[in-house]
Amino acid sequence: MPVYDLDHCTLGVRHLYASAERLRTETGLRSHEGGWLDTMPTAHRTIPLPGDAYVNVESVIDHHADLPPGVDAFRTWFEQTTRRGDHWMTWNLRARSRADLEDVARRFGGEVVTAPGARRPDGTTTTTVMAPGNAAVTWARGLPNWYFHPDLEQHPARRAPLTHERPLHEISWLEVGGDPAHLEEHIGTETFTALPLRFVDGPAGLYGVGLTTHDGEEIALRAPSGAPGLAELAARPA
């Protein structure tokens, strides 16, 4: 299988703006406006990371919209989960070509999904291209999904350059739970070897992101994984 890169991780929070400011105060990491989703009652701010990766700081912003049952259940779950504190909701890889993304879709019996992405306050919009298209196969199992960006210059980590208060050198580690062999099978040996993974006790899912600053210090972003709760949500009768 080809090598895939880390694309983004989603940190679910209760209050989008207050939480982004708290992270800036605690870590020196700045963020820019990421926008909101028309199909989901959430919005996010983007923390760019080295290697064209980023953290989505995301929260529910519309608590009263009339939503389809599945989306409404997701909103309720997200609100209840983040009320208990920040949680890592997902982590995601990036395919280097459309052909590599199509290979992902075939391997998991899914499809390449092209859908409207975030809508930003300046009137611009994004398009999401991802696979395999079934959250029960990836996120609910604490495993990554895959994205493809045809124009990396418009990638969220690049489109609004900013300098963090503590400039970053690299992503030094990703703390994940679960069975290493299971994750290696999911993402492929080449990617498993390339990513700075370290395993912690707990169900599959993301638990931490470590960043090294240019002056050699470390910033650690840790939170519980939301994957077990998402699995319970996915298992509920429709």
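In case you missed it, the structure is sitting above this.
Cut-offs used in this document
Residues numbered from 1 in each chain as written. Predicted model: local features only at pLDDT ≥ 70, side-chain atom pairs only at ≥ 80, totals over all residues. Heavy atoms only, no water. Phe/Tyr/Trp six-rings, centres within 6.5 Å; stacked < 30°, edge-to-face > 60°. Helix = DSSP H or I, 4+ residues; strand = E, 2+ residues; numbered from the N terminus. Buried < 20%, exposed > 50% of the residue type's maximum accessible area, 1.4 Å probe, protein only. Core = buried A, V, L, I, M, F, W, Y, C linked by side-chain atoms within 4.5 Å. 1 Å grid on protein atoms, 1.4 Å probe; cavity = no way out; pocket = protein on both sides within 12 Å on 5 of 7 lines; lining within 4 Å. Points joined across faces, edges and corners; volume = space filled by probe spheres on them. Nonpolar A, V, L, I, M, F, W, Y, C, P; charged D, E, K, R; others polar.

A.B. asks: Looking at this structure, how should I read the packing of aromatic side chains?
C.D. replies: The geometry of an aromatic ring pair is captured by two quantities: the separation of the ring centres and the angle between the planes. Taken as a whole, this structure holds six aromatic pairs when the rule is applied. For the pair Y4 and W146, a centre-to-centre distance of 5.6 Å together with 70° between the ring planes defines the contact as edge-to-face. With Y4 in the segment before β1 (5-12) and W146 in strand β8 (residues 145-147), this pair connects stretches of sequence that are 142 residues apart. The buried category is assigned to Y4, whose relative accessible area is 2%.

A.B. asks: How should the nonpolar core be read in this particular structure?
C.D. replies: Note on soluble globular proteins: their nonpolar side chains tend to be buried together. By size, the foremost hydrophobic cluster in this structure holds 41 residues, and its most contacted members are W88, W91, V209, L211 and L221. Broken down by element, the residue count for this core peaks at four residues, all from strand β9 (residues 168-177). Core analysis: the second largest hydrophobic core is formed by eleven residues, F74, W77, M130 and W139 among them.

A.B. asks: How should empty space enclosed by the protein be read in this particular structure?
C.D. replies: Once rolled over the atoms, a probe with the size of a water molecule shows which space is left empty. Inspection of the entire model under this criterion finds one cavity of 30 Å³ or more. Taken as a whole, the largest cavity holds about 50 Å³ of empty space. Taken together, W88, M89, T90, W91, W139, G142, L143, G205, L206, S225 and A227 make up the full set of residues lining the largest cavity. When residues of the lining of the largest cavity are traced back to their parent elements, those giving at least two are β5 (87-94) and β11 (205-213). The element best represented in the lining of the largest cavity is β5, accounting for four residues. Split into classes, the residues belonging to the lining of the largest cavity amount to seven nonpolar, four polar and no charged.

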